[in-house]
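# Descriptive structure summary
Letter by letter, the chains look like this.
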Amino acid sequence: MEGIARIEIQKRIDLIQIIIYMGFPKLLIEDKPRRIEELQMNVQKELNCVNRKLNIAITRISNPYGHPNILAEFIAGQLKNRVSFRKAMKKAIELTEQANTKGIQVQIAGRIDGKEIARVEWIREGRVPLQTIEAKIDYCSYTVRTIYGVLGIKIWIFVDEE
């Protein structure tokens, strides 16, 4: 499923509430009733909740490109379409800067652009203090299958210090 930033599951005695935080809820809501009912049936089968009520809520996030999961999916889509990796990383950094973050680091590893020798490329924009414990940093590790092989994408987004 594309565009999901995170999923919260709250379990109570008689109710299981699932909150899906999406960047682009149109993807799920286009044929809304059928897709959500289908999702609800699958989750009910998986969780075996016969005597519990299941409630699924979809929440839209205000700035989707401020979340590393959505950004990683964006880069993965670009790489699958054979866009240059550097161009894809710079575009992702541009989108993140609009989301009002203090810094971002993007790393891509593997057979980049189909080269025979695998390598690691990364770009950092702004501050990304990975050694500071108080710094709030969102992180995502994502693998993408291209025609050349598997690439690994890692994204660190520095939100702010608390």
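- With an unreviewed UniProt entry as reference, the chain is termed Small ribosomal subunit protein uS3c, source organism Brassica napus.
- In its Subcellular location (unreviewed entry) section, UniProt records this for the chain: "Plastid".

### Overview of the sheet that holds strand S3 (residues 53–60)
- If you trace the 3 strands from one edge of the open sheet to the other, you get S1-S2-S3, paired in mixed fashion. At either end of the open sheet lies a strand with only one pairing partner, and these are strand S1 (4–11) and S3. The sheet shows a mean angle of 15° between the axes of neighbouring strands, direction not considered.
- Bridge count between S1 and strand S2 (residues 15–22): 7 bridges; the pairing is antiparallel. From the neighbouring strand, Ile 9 faces S2, where its bridge partner is Ile 18.

### Focus: the side chain of Gln 107
- Structurally, Gln 107 can be placed in strand S4 (residues 103–110).
- Among all residues touching Gln 107, those that are not within four sequence positions of it are Val 120, Glu 121, Trp 122, Gly 152, Ile 153, Lys 154 and Trp 156.

### Description of the environment of Ile 56
- For Ile 56, the position within the fold is in strand S3.
- For the pair Ile 56 and Ile 16, spaced 40 residues apart in sequence, the C-alpha separation works out to 8.5 Å.
- Excluding residues that lie within four positions of it along the chain, Ile 56 makes contacts with Ile 18, Ile 20, Leu 39 and Gln 40.

### Things to note about the packing of aromatic side chains
- In total, this model carries 2 aromatic pairs according to the counting rule given.
- Between Tyr 139 and Trp 156, the ring centres sit 5.4 Å apart and the planes meet at 45°, which makes this aromatic pair tilted. Note that Tyr 139 is positioned in strand S6 (residues 135–145) and Trp 156 in strand S7 (residues 150–161), a separation of 17 residues in sequence.
- Positioned over the ring face of Tyr 21 is Arg 6, at 4.0 Å from the centre of the ring.

### A short note on the pattern of salt bridges
- A full pass over the atoms with the stated rule returns 4 salt bridges.
- Two residues, Glu 8 and Arg 6, come together in a salt bridge whose shortest N-O distance is 3.4 Å.
- Accessibility expressed as a relative area gives 27% for Glu 8, which makes it partly exposed.
- Judged by relative accessible area, which is 38%, Arg 6 ranks as partly exposed.

### Regarding the side chain of His 67
- Considering the arrangement of structural elements, one finds His 67 in the loop between S3 and helix H3 (68–80).
- Leaving out residues up to four positions away in the same chain, His 67 has contacts with Ala 5, Arg 6, Ile 61 and Ile 157.

The rules behind the values
- Residues numbered from 1 in each chain as written.
- Predicted model: local features only at pLDDT ≥ 70, side-chain atom pairs only at ≥ 80, totals over all residues.
- Heavy atoms only, no water.
- UniProt positions renumbered as here; feature names shortened; annotations may be inferred.
- Pairing = 2+ DSSP bridges.
- Helix = DSSP H or I, 4+ residues; strand = E, 2+ residues; numbered from the N terminus.
- Axes fitted to C-alpha atoms, helices over the stretch in contact; angles between N-to-C directions.
- Contact = heavy atoms within 4.5 Å.
- Phe/Tyr/Trp six-rings, centres within 6.5 Å; stacked < 30°, edge-to-face > 60°.
- Lys NZ or Arg CZ within 6 Å of the ring centre and 35° of its normal.
- Salt bridge = Lys/Arg side-chain N within 4 Å of Asp/Glu carboxyl O.
- Buried < 20%, exposed > 50% of the residue type's maximum accessible area, 1.4 Å probe, protein only.

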